[in-house]
Amino acid sequence: MRIDVTKPYLPDSDAYKNYINQIWESGWLTNGGNLLQKLTTELTTFLGVEDLVLMSNGTIPIQMALFNLANEGDVITTPFSYVATTSSILWQSCKPVFVDIDPKYFTIDELKIEDAITPKTTAILATHVFGNPCNIEVLQEIASRHNLSLIFDAAHCFGVNYRGQSIFNYGDVSTCSFHATKVFHTVEGGAAISTNTELLQKISYNIHFGHKGPYDFFGIGINGKMSELHAAMGLSVLPKMTAVINDRQRIVEQYKTELAELPLGFINIRQGTKWNFSYFPITFETEDRLTKTVSDLNEKYIFPRRYFYPSLNTIHYINGDKMPISEDISSRVLCLPLFFGLDPDDISRICQIIKNSLK
Ligand SMILES: *Cc1c(COP(=O)(O)O)cnc(C)c1O
């Protein structure tokens, strides 16, 4: 049986069918239906945030944040993230300006940001990589001193708390992905979360074609709505989230114990964080060692994933400046299988293959 890096969490099908029956009764499929409203309310309570706008995926909120806050300027960003972080900047006619990462936390190196700021800089778009917070306090201080907007790609951060509150409450706006492979999912989906209700209202207009009423327009917009069928999945998954996150913790702890003596690096979670165990990245001493271990695992039908690889500054259509630390870590980092219900015997088997491979 093959084991992939992740496996979507499927809720009890009766719970999902119950919501689907409600859709059949109401005949309402999309456009701000009851299930979307219910999911919005339940998520704000679960996460401890004031408000959020649900969307069709986790990339649209990044684009809408940039649309409102970056003004076609230069955007300081991290090369160590998923491609959507950088491609959204280009898609909004902004220019990505890379700043290398901190090798300990994998997040943007706050000490290198000020050197990259120019009069053209309008925003910082930083990723809380693998749910591990950036140095939020320093980023906030730099952003406010230089009058820059601060956007967090928090795609990996469902359920993460930092310093006693939701990580989504920091910065001007945070974005999250509810893609099937993420900790919490709605099949496809995402959200913009902010304590700035005025900004959230604008973003909400933006994803409804700019509609302010049936015949009235706030401004230009696109279609980024979440449907009732997607909200139904979210409502079915949400009650299981505490169990899902606890189970992920069990898996991470077993990996850490069984891999402890090997020449591998583990992620350092920043102090003050209640983490969500969203990924289990390990770093090898060299790319060759990584490649060998990956092929040994693949031979046994185990498919970890090189997250994040390649470093985004090296993608051909981006062609950014050299980022030595991000390029180095990208070449040596591997995310191991991590999903609800992963069997302890399978974890031991994966660890044993890695052990043998590193001999
Ligand atoms: C998954 C992900 C996204 C995109 O989210 P989608 O819901 O797939 O559009 C953006 N940024 C990061 C860091 C991601 O991991």
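Rules and cut-offs
Residues numbered from 1 in each chain as written. Predicted model: local features only at pLDDT ≥ 70, side-chain atom pairs only at ≥ 80, totals over all residues. Heavy atoms only, no water. Near = heavy atom within 4 Å. Polar contact = N/O pair within 3.5 Å; in protein donor to acceptor, adjacent residues only side chain to side chain. Areas by Shrake-Rupley, 256 points an atom, 1.4 Å probe, with all protein chains shown as cover. Nonpolar A, V, L, I, M, F, W, Y, C, P; charged D, E, K, R; others polar. Pairing = 2+ DSSP bridges. Helix = DSSP H or I, 4+ residues; strand = E, 2+ residues; numbered from the N terminus. Axes fitted to C-alpha atoms, helices over the stretch in contact; angles between N-to-C directions. Contact = heavy atoms within 4.5 Å. Salt bridge = Lys/Arg side-chain N within 4 Å of Asp/Glu carboxyl O. Buried < 20%, exposed > 50% of the residue type's maximum accessible area, 1.4 Å probe, protein only. Domains from an automatic or database assignment. Core = buried A, V, L, I, M, F, W, Y, C linked by side-chain atoms within 4.5 Å.

Asks: I'd like a description of the site of the ligand, backed by residues and values.
Replies: The environment of the ligand is formed by 14 residues, the closest being Gly58, Thr59, His156, Ser177 and Lys182. A distance of 2.8 Å is found between an oxygen atom of the ligand and a backbone nitrogen or oxygen belonging to Gly58. At 2.7 Å from an oxygen atom of the ligand is found a side-chain nitrogen or oxygen belonging to His156. Relative to its free-state accessible area of 380 Å², the ligand is covered by the protein chains to the extent of 90%. Per-class residue counts for the shell around the ligand are 4 nonpolar, 8 polar and 2 charged.

Asks: For the sheet that holds strand β10 (residues 190-193), give the residues involved together with the corresponding values.
Replies: Ordered in space as β2-β10-β9-β6-β5-β3-β4, the 7 strands form an open sheet in which the pairing is mixed. With one partner strand each, in any of the chains shown, β2 (52-55) and β4 (95-98) form the two edges of the open sheet. Between one strand axis and the next, the sheet turns by 25° as a mean value, whatever way the strands run. Pairing of strand β5 (residues 121-127) with strand β6 (residues 149-153), which is carried by 5 bridges, proceeds in the parallel orientation. Bridge pairing in β6 places Thr127 opposite Asp153.

Asks: Quick one: what's the story with the sheet that holds strand β15 (residues 281-283), residue by residue and with numbers?
Replies: An order of β13-β15-β17 is seen for the 3 strands of this open sheet, with the pairing classed as antiparallel. A single partner strand is all that each edge strand has here, and the edge strands are β13 (265-266) and β17 (333-335). When β15 meets β17, the two strands line up antiparallel, connected through 3 bridges. Note that in β17 the partner of Thr283 across the bridge is Val333. Against the sheet, helix α10 (residues 324-332) touches β15 and β17, its axis set at about 50° to β17.

Asks: With reference to specific residues and values, describe the pattern of salt bridges.
Replies: Tallied over the entire structure, the rule returns 13 salt bridges. Put simply, Asp109 and Lys112 hold a salt bridge, and the shortest N to O gap is 3.7 Å. A relative accessible area of 11% means that Asp109 is categorised as buried. A salt bridge links Asp328 to Arg332; the nearest nitrogen and oxygen atoms lie 2.8 Å apart. Linking Asp328 with Arg332, this pair stays in helix α10, spanning 4 residues, or about one helical turn. Note on Asp328: relative accessible area 34%, which makes it partly exposed. In this structure Arg332 comes out as buried when scored by relative accessible area, which is 17%. A network of salt bridges, in which partner residues are shared, links Glu114, Glu141 and Arg145.

Asks: Outline the environment of Thr118, listing residues and values.
Replies: Assignment of secondary structure puts Thr118 in the loop between β4 and β5. Taking the C-alpha atoms as reference points, Thr118 and Tyr170, separated by 52 residues in sequence, lie 24 Å from one another.

Asks: Please set out the domain arrangement of the protein chain residue by residue, giving values where relevant.
Replies: With domains assigned, the protein chain is organised as domain 1 (13-99 + 106-239) and domain 2 (241-357). Distance between the C-alpha centres of domain 1 and domain 2: 25 Å. In this complex, domain 1 contributes 36 residues to the contact, which on the side of domain 2 involves 35 residues. Our count for the contact surface shared by domain 1 and domain 2 stands at 0 salt bridges. Connecting domain 1 to domain 2 are 13 residue pairs in polar contact (both at pLDDT 80 or more). Going through the elements one at a time, α4 (83-91) and β7 (161-162) are the ones with two or more residues in the side of domain 1 that touches domain 2. Considering every element that reaches the side of domain 1 that touches domain 2, the biggest residue donor is α4, with 4 residues.

Asks: Report on the nonpolar core, specifying residues and quantitative values.
Replies: Ranked by internal contacts, the top residues of the largest apolar core, which has 93 residues, are Leu43, Phe130, Tyr255, Leu259 and Ile354. In terms of residues, this core owes the most to one element, helix α8 (residues 241-258), which gives 6 residues.

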